[in-house]
Amino acid sequence: MSSPVSTPAAPPRGGLVVLALFLVYVVWGSTYLGIHLALESGLPPLTVISGTRFLLAGSLLYAFLRWRGVAAPTRAQWKTVAVMGVCLLFLGNGMVVLAERDVSSGLAAVAVASVPLWMALFSAIRGEKATLGEWLGIAIGFVGVVWLNAGSSLTATPTGLILLLIAPLGWAGGSIWSRGRDLPSPFMTAAGQMLCGGVVLISVGLLRGERISALPNLQGLLSVSYLTVFGSIIAFTAYVWLLHNVRPVLASSYAYVNPVIAVALGAWIAHERFSVSDLGAMAVILAGVVVITLARLRRA
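Rules and cut-offs
Residue numbers here run from 1 along each chain, matching the order of that chain's written sequence. At least 70 in pLDDT is required for a residue's local features to be given in this predicted model, at least 80 for side-chain atom pairs to be given and counted, and no such filter applies to totals for whole chains, interfaces and linings, which use all residues. The basis for the side-chain values is all heavy atoms of the structure; hydrogens and waters are excluded. Buried and open spaces are told apart on a 1 Å grid over the protein atoms alone, a cavity being a set of points where a 1.4 Å probe fits but cannot get out and a pocket being an open set with protein on both sides within 12 Å along at least five of seven lines. Residues with an atom within 4 Å of a point are the lining residues. Grid points are joined across faces, edges and corners, and a volume is the space filled by probe spheres set on the points. Nonpolar residues are Ala, Val, Leu, Ile, Met, Phe, Trp, Tyr, Cys and Pro. Charged residues are Asp, Glu, Lys and Arg, and all others, Gly as well, are polar. Note on definitions: angles span 0 to 180 degrees between N-to-C directions of axes, and those axes are lines fitted to C-alpha atoms, for helices only across the stretch in contact. Secondary structure elements are taken from DSSP: a helix is a run of H or I of four residues or more, a strand is a run of E of two residues or more, and numbering for both begins at the N terminus. Note on terminology: angles under 35 degrees are roughly parallel, angles over 145 are roughly antiparallel, angles of 65 to 115 are roughly perpendicular, and the others are oblique. Crossing handedness is read from the near helix: turned anticlockwise from the far helix by less than a right angle, it gives a left-handed crossing, and turned clockwise, a right-handed one. The contact criterion used is simple: two residues touch if any of their non-hydrogen atoms lie within 4.5 Å. Exposure categories follow from relative accessible area, calculated using a 1.4 Å probe and restricted to protein chains: below 20% of the type maximum is buried, above 50% is exposed, and the middle band is partly exposed. Values of pLDDT, ranging from 0 to 100, describe the predictor's confidence in every residue of the model.

> How should empty space enclosed by the protein be read in this particular structure?
By rolling a water-sized probe across the atoms, one finds the places where empty space is left. Under the defined criterion, the tally for this structure stands at 1 cavity of 30 Å³ or more. In this structure, the largest cavity encloses a volume near 40 Å³. Taken together, Ala111, Ser114, Trp118, Val145, Leu148, Asn149, Leu164, Leu165 and Pro168 form the lining of the largest cavity. For the lining of the largest cavity, the per-class residue count stands at 7 nonpolar, 2 polar and no charged.

> For this particular structure, what's the right way to read the packing of helix H5 (residues 115-126) against helix H7 (residues 158-178)?
Each pair of packed helices gets described by two things: the angle between the helix axes and the distance between those axes. Between H5 and H7, the shortest axis-to-axis distance is 9 Å and the interhelical angle comes to 45 degrees. In terms of axis orientation, H5 runs oblique to H7. Between H5 and H7 the crossing geometry is right-handed. Seen from H5, the contacting residues are Val115, Trp118, Met119, Phe122, Ser123 and Arg126; seen from H7, they are Pro168, Leu169, Trp171, Ala172, Gly173, Ser175, Ile176 and Trp177. The residue makeup of the contact of H5 with H7, split by class, is 10 nonpolar, 3 polar and 1 charged.

> I keep staring at the side chain of glutamate 134 and nothing clicks. Help me out?
Of note, glutamate 134 is situated in helix H6 (residues 132-151). With relative accessibility at 3%, the residue glutamate 134 sits in the buried group. With near-sequence residues (within four places) excluded, glutamate 134 lies in contact with Lys129, Ile292, Ala295, Arg296 and Arg299.

> Could you clarify how one ought to interpret the layout of surface pockets in this entry?
Of the volumes computed, that of the second largest pocket is approximately 160 Å³. Considered class by class, the residues forming the lining of the second largest pocket number 8 nonpolar, 1 polar and no charged.

> What should I look at first to understand the environment of glycine 92 in this one?
One can find glycine 92 in helix H3 (residues 75-99). In the structure, glycine 92 is positioned 72 residues away from leucine 164 in sequence and 8.8 Å away in space, judged by C-alpha atoms. Setting aside residues up to four positions removed in sequence, glycine 92 forms contacts with Cys87, Ala167 and Trp171.

> Would you mind going over the confidence of the model for the protein chain with me for this structure?
Close inspection of predicted coordinates is inappropriate for parts of the model with low pLDDT. Residue-level pLDDT values for the protein chain average 89, and 94% of them are 70 or greater. Confidence over residues 1-10 falls short of pLDDT 50; this stretch has 23 contacts with residues more than four positions distant or in other chains.

Here is the structure:
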């Protein structure tokens, strides 16, 4: 999600920057494993793992912000925030959760790593002039996307493949669509997105027939709690703080660190196995993201 970036009057303390980067890198990278463990415990994907998570996180953040005196979104802003919630959380996150029923958490993270490529492409289509370096990064990245979808383990799971194509498209499309629109403050935008996205996710899940047939076990409760508190509140707060205190290129570096963290955690804790083709596709996608990032830094 795009947020206005301001330049601080004084540079932030190095320890705070390191802590914020750690939270964004490791916590966001570990959410894919958290989803895997929640699914393993038998919890419904849309109503509980995704929908309840965001509804709870959004409610807590919204209540805290209103208590601190932050203005609530206007009616027009709620409409924009609702569209973002559908695109980023229902299509973006919801499809990843559904996909992880069939594919590994690490492979899902690799597919989502293509978000910056789609964002760069959508920006160019929207009329923002792309440099030669950015086009080179897009081309390299999409070679990796094609490789991932045609020559990796995803070919054995057509449903997972389709869902993991929809997820980055939804996230990137919603992010680019929101640029320049009237939005509340960054944290209030996040709270509104989670509230709206959570309602949509739960509603669609119920329409799909998702029901909780038994009380969740400890693993399920801990997984959803972790996703809610650490993934949706703490790590996002750290990310917004980074946007306002460090260069955007450093704040957005999570895009090529998260997949590596997710693959490592999936292999270590969930004993997931990845083929040489899977890892090769990841390397090419991340190379494309790095080229785009460096090209944008050079242009800035």
